[in-house]
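# A look at the structure
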Amino acid sequence: MRIIQLVTLMLILTLATFALAQVPSFEELDTDADGYISRSEAAALPCLAANYDNIDTRSEQGLDRSEYQAAVAEYCQIES
Ligand SMILES: [Ca+2]
């Protein structure tokens, strides 16, 4: 019985880690498809929203694809 509980716990932790590691694509966040991620669109990804002012270095319509990719690499990586 104890083995089953341990295996179940390990499975839950593995699935939780996998779920947290999933970062939406640029297209998934750019819901209005204007080619930029606005502050309100960024709200769907907390690690992006929390650092939005640091990331949006060009202060145009929002984050472009290169800013988004750099931001994910810097702020949204989950240690495994
Ligand atoms: Ca957009």
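Residues numbered from 1 in each chain as written. Predicted model: local features only at pLDDT ≥ 70, side-chain atom pairs only at ≥ 80, totals over all residues.

## Comments concerning the overall build of the chain
- Check the secondary structure of the chain and you find 6 helices and 0 strands.
- When the helices and strands of the chain are listed from N to C terminus, the series reads α-α-α-α-α-α.
- Of the contacts formed within the chain by residues at least 6 apart in sequence, a portion of 47% connects residues at least 24 apart. (Helix = DSSP H or I, 4+ residues; strand = E, 2+ residues; numbered from the N terminus. Contact = placed C-beta atoms within 7 Å.)

## Section: unusual backbone geometry
- Of note in this structure, alanine 33 is not a glycine but carries a positive phi near 55°.
- Relative to the assigned elements, alanine 33 resides in the loop between α2 (26-29) and α3 (39-42).
- Given 7 C-beta atoms within a 10 Å radius, alanine 33 is considered exposed. (Buried ≥ 20, exposed ≤ 12 C-beta atoms within 10 Å, placed from the backbone.)

## Examining the confidence of the model for the chain
- Mean pLDDT over the chain stands at 84; residues scoring 70 or higher make up 84%.
- Mean pLDDT values for the elements of the chain range from 66 in helix α1 (residues 2-21) up to 97 in α2. (pLDDT = per-residue confidence, 0-100.)

## Describing the environment of glutamate 28
- Its place among the elements puts glutamate 28 in helix α2.
- Glutamate 28 sits 16 residues away from alanine 44 along the chain, and the two C-alpha atoms are 9.8 Å apart.

## A look at the environment of glycine 62
- Checked against the element boundaries, glycine 62 lands in the loop between α5 (52-55) and α6 (65-75).
- In this structure the C-alpha to C-alpha distance between glycine 62 and isoleucine 37, which are 25 residues apart in sequence, comes to 5.1 Å.
- With residues near it in sequence (within four places) discarded, glycine 62 still touches Tyr36, Ile37, Ser38 and Asp56.

## Examining the environment of valine 23
- In this structure, valine 23 sits in the loop between α1 and α2.
- Classification of valine 23 by C-beta neighbours within 10 Å gives partly exposed; the count is 16.
- It is 8.6 Å that separates the C-alpha atoms of valine 23 and glutamine 77, two residues lying 54 residues apart in sequence.
- Those residues within four positions of valine 23 in sequence are excluded, and the remaining contacts are Leu45, Val72 and Cys76.

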